[in-house]
Amino acid sequence: MDSKRITVPAVRAMKGVKRIGMITAYDYPSAKVADAAASDIILVGDSLGMVVLGYPDTLSVTVDDMLHHTRAAVRGASHALVVGDMPYLSYHVSVEDSVRNAGRFVQAGAHAVKVEGGKPSRIRVIEAILDAEIPVMGHVGLTPQSVNALGGFKLQGKNLVDAHRLVDEAEALDQAGCFAIVLECVPSELAAMITERVSVPTIGIGAGPACDGQVLVFHDLLGLYDGHTSKFVRRYANIGDEMRAAIEHYRADVRDGSFPDDAKESFHAASADELRALYGEGVVIEMPKAQ
Ligand code: KIV
């Protein structure tokens, strides 16, 4: 392993020392930018189903989709720890199947995998993946792969029973050996309580400032996604608008003939003699002035 690379033990050791900056990325250019910006962790999230593949949720994303994007993101990341998000049905059928699928992420270059949920049957799967020497990041609260069971993308842990269940799940993930736990869309107070109770870093998204780190979706942070964005998203740029303006400018230049410039952006035959040899004598040839 590259000695400059952030490792799983290094992430664990960041708890209470420095806040962890995680961002999603889904391909070589996005991972390269995230890595150059000193992100600690790059999550190849199954959110790619929505922000890259245009599905309404993450449920249609397959292991093959994820591996394709994981390989590309890994090639762009030389510093950050790369976590591959296990998609729906890749760890729901059997323990054996789950371990094999997790192993495929490692073979695609991921350093760890992320699994949603913390109920007892999920803990057994996570323990088996850990037993295969694959580090696991947990994820509780709003777990998007459970969108149908939860009845929508909604704040979780609002009542006492749910809040207790989420604390129990997070503690179980910690005890099972997860190296970090994503807390998604839960009240800040609950996230603060979980953060205090678990020994590993919590990484929040819509979970308030008390978490040990934060994660945002690349396309949300940069203003590249025009679907619904949650209250918890802070948009740091409007790259989508800039991209559209640039492409409109290009299209206008093509229409009015100002792109490409014949001198600066085109190639030319070496000499008028060469062109005469190609087209024959008698052809009037104008060579552009050298720049
Ligand atoms: O898929 C994803 O992007 C995620 C993050 C929101 C944590 O799971």
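Residues numbered from 1 in each chain as written. Predicted model: local features only at pLDDT ≥ 70, side-chain atom pairs only at ≥ 80, totals over all residues. Heavy atoms only, no water.

Some details on the sheet that holds strand β2 (residues 41-44)
(1) Moving on: Read around the barrel, eight strands follow the order β1-β2-β3-β4-β5-β6-β7-β8 and close on themselves; strand pairing throughout is parallel. Strand-to-strand twist across the sheet, computed as the mean angle between neighbouring axes with direction ignored, equals 25 degrees.
(2) Moving on: Direction of pairing for strand β7 (residues 202-205) relative to strand β8 (residues 213-216): parallel, over a ladder of two bridges. By the bridge assignment, Gly204 is partnered in β8 with Gln214.
(3) Moving on: Helix α8 (residues 160-176) rests against β5 (136-141) and β6 (180-184) of the sheet, and its axis sits at about 175 degrees to β5. (Pairing = 2+ DSSP bridges. Helix = DSSP H or I, 4+ residues; strand = E, 2+ residues; numbered from the N terminus. Axes fitted to C-alpha atoms, helices over the stretch in contact; angles between N-to-C directions. Contact = heavy atoms within 4.5 Å.)

Some thoughts on the domain arrangement of the protein chain
(1) Moving on: For the protein chain, the assigned domains are domain 1 (8-237) and domain 2 (242-279).
(2) Moving on: Here the C-alpha centre of domain 2 lies 46 Å away from the C-alpha centre of domain 1. (Domains from an automatic or database assignment.)

Topic: the packing of helix α6 (residues 120-131) against α8
(1) Moving on: It is the contact of α6 with α8, at a shortest axis distance of 10 Å, that shows an interaxial angle of 20 degrees. Comparing their axes, α8 and α6 come out roughly parallel. The hand of the α6/α8 crossing is right-handed. When α6 is examined against α8, the residues Ile123, Ile126, Glu127 and Leu130 are found in contact with a partner set consisting of Ala172, Leu173 and Ala176.
(2) Moving on: For the contact of α6 with α8, the per-class residue count stands at six nonpolar, no polar and one charged. (Parallel < 35°, antiparallel > 145°, perpendicular 65-115°, else oblique. Left-handed = near helix turned anticlockwise from the far one by under 90°. Nonpolar A, V, L, I, M, F, W, Y, C, P; charged D, E, K, R; others polar.)

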